[in-house]
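Residue strings, one per chain:
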Amino acid sequence: MGKENIIEVENLTKMFGDFTAVNAISFKVKKGEIFGFLGANGAGKTTAMKMLIGIAKPTSGNAQIANFDVYKNPDDIKKNIGYMSQKFALYDDLTVKENITFFGGIYGLSRTQINKKTIELTEELNLQEVINQLVGSLPLGWKQKISFSVALLHNPKIIFLDEPTSGVDPITRRQFWEMIYKAANNGTTIFVTTHYMDEAEYCDRVSIMVNGKIEALDTPKKLKELFKVDTMNDVFLKLARE
Ligand code: ATP
């Protein structure tokens, strides 16, 4: 594994019967990078991400995540990463504080560490008024911001975000991205899928998957130059149309 690369993927493939959902994808991600993983519905993003986080076995190919092998050390991968999806976030029937305590416990934090983190997060996210409220009573944007912080509780090397801002208003999305930048500045690598093309512009590099293959991968600037268009939305449309 290259010194600075925290993710190295080579010809990673997943087949379901005769159907190739992920077709020999290869890419590398550097420590602290914000890597956008784009593709239309059904392109294979979720299947690829499941292999990267150690919950699905590849059919063939190789992947090293935080120096661990997806075949040999899937459990070590899970300990060293954070994961946040739109579908599974926090428990609605627990308060914000109880969620932090619960997930902190799962991630192996001590009581003292959990208490310290709770105080830190309360200040950082201005949670004073909602800390003892049930998560189910909070707006989606709040839930997602808290959920992101909870996924970072154990200081993971990489955080995988699967459409974290789906359905969230533009102002909250902007705040969410400020949190992403902050985590990246602290050295956490961000691997993020999104359907919002303005968010693709915020990534250091972006890969675009079409029918199981990575058809383009570069900085947003270079991709726009390559496809001779002004926005990532147009890059995406050009690739999807082809
Ligand atoms: P979305 O944005 O809608 O989540 P995606 O890019 O994440 O899309 P995947 O969920 O990875 O796409 O699915 C890729 C393809 O693999 C789809 O055609 C899907 O139907 C198929 N697929 C996914 N899981 C399975 C499975 N367990 N068995 C058979 N086919 C599957």
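You'll find the structure just up there.
Because the structure is a prediction, the values reported are computed rather than measured.

Description of the sheet that holds strand E1 (residues 5-16)
Then step 1. As summarised here, the arrangement of the 4 strands in space is E2-E1-E4-E5, forming an open sheet in which the pairing is antiparallel. Of all the strands in the sheet, just strand E2 (19-30) and strand E5 (68-69) have a single pairing partner and so form its edges.
Then step 2. Pairing geometry for E1 and strand E4 (residues 60-65), over 5 bridges, is antiparallel. Along E4, the bridge assignment pairs glutamate 10 with asparagine 62.

Let's talk about the pattern of salt bridges
Then step 1. Tallying each qualifying case throughout the model produces 11 salt bridges.
Then step 2. The salt bridge involving lysine 79 is made with aspartate 76; its shortest N-O contact spans 3.9 Å. Placement of the pair is lysine 79 and aspartate 76 together in helix H2 (residues 74-80), with a separation of 3 residues, close to one helical turn.
Then step 3. Given the relative accessible area of 59%, lysine 79 is considered exposed.
Then step 4. For the salt bridge of arginine 174 with glutamate 178, the shortest nitrogen-to-oxygen distance reads 3.9 Å. One end of the pair, arginine 174, and the other, glutamate 178, are both in helix H6 (residues 170-185), 4 residues apart, so they sit about a helical turn from each other.
Then step 5. Each of Arg173, Asp198 and Glu199 takes part in one network of salt bridges that share partners.

Overview of the side chain of threonine 47
Then step 1. Position of threonine 47 relative to the elements: it lies in helix H1 (residues 45-52).
Then step 2. Not counting chain neighbours up to four residues away, the residues in contact with threonine 47 comprise Lys14, Phe16, Ala21 and Val22.

Considering a nonpolar patch on the surface
Then step 1. A cluster of nonpolar residues, Tyr91, Phe102 and Ile106, forms a patch on the protein surface that exposes about 280 Å² of accessible area.
Then step 2. Relative to the elements of secondary structure, isoleucine 106 occurs in helix H3 (residues 96-106).
Then step 3. Exposure remark for isoleucine 106: the relative accessible area of 53% places this residue in the exposed category.

What counts and what doesn't
Counting of residues starts from 1 at the beginning of each chain's written sequence and follows it residue by residue. Side-chain atom pairs in this predicted model are given and counted only at pLDDT of 80 or more, local residue features only at pLDDT of at least 70, and totals for whole chains, interfaces and linings cover all residues. Each side-chain value is worked out from all heavy atoms of the structure, with water and hydrogens disregarded. Paired strands are those between which DSSP finds at least two bridges. Elements are defined by DSSP. Helices are runs of H or I of four residues or more, strands are runs of E of two residues or more, and each kind is numbered from the N terminus. What makes a salt bridge here is a side-chain nitrogen of Lys or Arg within 4 Å of a carboxyl oxygen of Asp or Glu, nothing more. Remark: exposure states derive from per-residue accessible area (1.4 Å probe, protein chains only) relative to the maximum for the residue type, with buried under 20%, exposed over 50%, and partly exposed in between. In this description, contact between two residues means that some pair of their heavy atoms is separated by no more than 4.5 Å. Two joining distances apply to patches: 9 Å for like charges and 5 Å for nonpolar side chains (Val, Leu, Ile, Met, Phe, Trp, Tyr), and every residue must have over 30% relative accessible area and no salt bridge. Each accessible area value is a Shrake-Rupley result obtained with a 1.4 Å probe; residue values ignore everything except the protein chains displayed when judging cover.

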